[in-house]
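A structural walkthrough
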Amino acid sequence: IKTKQPKLFDYLLNCRDKATAAELVNLGQPFVYASGKYSSEFEKTSVAIKLAASGSGAALVYDLRYDPSEFVGLEANQLAERWQFTKDPDAPARLSVKTLKFNRCPAIAPLGTLDEASQKRVKLGLKTIEANKKKLAAASGFAEKIVEALAILDKARDKKWSGEVSDAEAKLYDGFISDADRSKLTLAREASEQPDFADQRLAEIWPRYKARNYPKKLTDEELAAWENYCRAKLTSDGEASHLATYFKQLAELASSDLSKSKQVLLEDLQLYGGSLAPLD
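The structure reproduced in this document is the subject of the present report. The shown structure was predicted, so the numbers you read here are calculated from the model rather than taken from an experiment.

**Structural notes on the sheet that holds strand S1 (residues 31–34)**
- Spatial ordering of the open sheet is given by S4-S3-S2-S1-S5, a layout of 5 strands whose pairing is antiparallel. Each edge of the open sheet carries a strand with a single partner, namely strand S4 (97–101) and strand S5 (107–110). Ignoring which end each strand starts from, the neighbouring axes of this sheet average 45 degrees apart.
- Here S1 pairs with strand S2 (residues 45–53) via 4 bridges, running antiparallel. Residue Tyr33 lies in a different strand from S2, and its bridge partner there is Ser46.
- Of the strands in this sheet, S1, S2, strand S3 (58–63), S4 and S5 are in contact with helix H2 (residues 18–25), which crosses S5 at around 50 degrees.

Pasting the structure below:
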């Protein structure tokens, strides 16, 4: 890229600075946005416009490739449902909104960089962009409902992780580990008893570390706690749980035309899933 398009290379390199990225997005005007989450059919590229801020370091942006008419009349809870990804081919169109984070080096550029050749390549013309921009501007209260929909999704995630199964491992990215606890981590690899961690995340994770790596060293109490954790991890959320989804996928495979060897393999997988299912 630096050899073939040196100006583009320098521009995008400069956009790695979050202040530069924020300046372009916060203008409130359409901008070119390339993202791995966009379809390869359109060269992973579209034109977006800011709807609202999402914290101090991000923005909620709408993909102007799509007519917003079918979304603007929906309530926040309906928008939240349409925002979630689904593999169902018969599901209604997914909400065309993304969270653009300024510190993730977004590949963005002013709309003026989308020349005629580029418009043909990404299958998006200026007339479509302008028409959808006007519809979006006329949709009073839509941005506020998008923010509310995001809050609904965030609350649902928080509720999920604050239930029986805690996501302490994912929370390791919430903040740095103190030097005092860091020094205890080395000892924790050989210790048979839990170190006195100040960080609650480490205190919660250590028993799992021991169970995964040194299962023979578990006490009866620790083994019971580990089995309860695994059971909850597999079955939380009922029909939407990992185990229920596993059996649903097996059922879908069973309904297809399988060779005898694959049928045997499928039976083994069902037996394996049954061995993980909690006893009543």
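The discussion continues.
**Things to note about the side chain of Arg201**
- Within the fold, Arg201 resides in helix H9 (residues 200–213).
- Within polar-contact distance, the side chain of Arg201 engages the side chain of Asp199 at 2.6 Å.
- Ignoring sequence-local partners within four residues, the contact set of Arg201 consists of Ala168, Lys171, Leu172, Tyr173, Asp174, Gly175, Phe176 and Ile177.

**Looking at the pattern of salt bridges**
- Inspection of the entire model under this criterion finds 6 salt bridges.
- Between Arg82 and Glu70 there is a salt bridge whose closest N-O contact spans 2.7 Å. Taken as a pair, Arg82 in helix H4 (residues 76–83) and Glu70 in helix H3 (residues 69–72) lie far apart in primary sequence, 12 residues in all.
- You can call Arg82 buried: its relative accessible area is 15%.
- Relative accessible area serves as the criterion here: at 43%, Glu70 is assigned to the partly exposed category.
- Residues Asp181 and Lys184 are paired through a salt bridge, measuring 4.0 Å at the closest nitrogen-oxygen approach. Taken together, the positions of Asp181 and Lys184, both in helix H8 (residues 179–188) and 3 residues apart, correspond to about one turn of that helix.
- Take Asp181: its relative accessible area is 1%, and that puts it in the buried class.
- Take Lys184: its relative accessible area is 25%, and that puts it in the partly exposed class.

**Concerning the nonpolar core**
- Grouped together as the largest cluster of nonpolar side chains are 27 residues, with contacts concentrated most on Tyr62, Trp83, Phe142 and Ile146.
- Per element, the largest residue contribution to this core is 6 residues, and it comes from helix H7 (residues 142–161).
- Apart from the residues within four sequence positions on either side, Phe142 is in contact with Leu51, Tyr62, Phe71, Val72, Leu79, Leu95 and Leu136.

**Here's the deal with the packing of aromatic side chains**
- Taken as a whole and judged by the stated rule, the model has 6 aromatic pairs.
- A ring pair is formed by Tyr246 and Phe247, whose centres lie 5.6 Å apart and whose planes are at 75 degrees; its orientation type is edge-to-face.
- What links up through ring pairs into an aromatic cluster is the set Phe31, Tyr33 and Tyr38.
- A cation over a ring is seen here: Arg65 above Phe42, with NZ or CZ 3.7 Å from the ring centre.

**A closer look at unusual backbone geometry**
- Even without glycine at this site, Cys105 takes up a positive phi of about 50 degrees.
- Inspection of the secondary structure assignment puts Cys105 in the loop between S4 and S5.
- Even without being a glycine, Lys123 presents a positive backbone phi close to 60 degrees.
- If you trace the backbone, Lys123 turns up in the loop between helix H5 (116–122) and helix H6 (126–138).

What counts, and where the lines are drawn
- Residues numbered from 1 in each chain as written.
- Predicted model: local features only at pLDDT ≥ 70, side-chain atom pairs only at ≥ 80, totals over all residues.
- Heavy atoms only, no water.
- Pairing = 2+ DSSP bridges.
- Helix = DSSP H or I, 4+ residues; strand = E, 2+ residues; numbered from the N terminus.
- Axes fitted to C-alpha atoms, helices over the stretch in contact; angles between N-to-C directions.
- Contact = heavy atoms within 4.5 Å.
- Polar contact = N/O pair within 3.5 Å; in protein donor to acceptor, adjacent residues only side chain to side chain.
- Salt bridge = Lys/Arg side-chain N within 4 Å of Asp/Glu carboxyl O.
- Buried < 20%, exposed > 50% of the residue type's maximum accessible area, 1.4 Å probe, protein only.
- Core = buried A, V, L, I, M, F, W, Y, C linked by side-chain atoms within 4.5 Å.
- Phe/Tyr/Trp six-rings, centres within 6.5 Å; stacked < 30°, edge-to-face > 60°.
- Lys NZ or Arg CZ within 6 Å of the ring centre and 35° of its normal.

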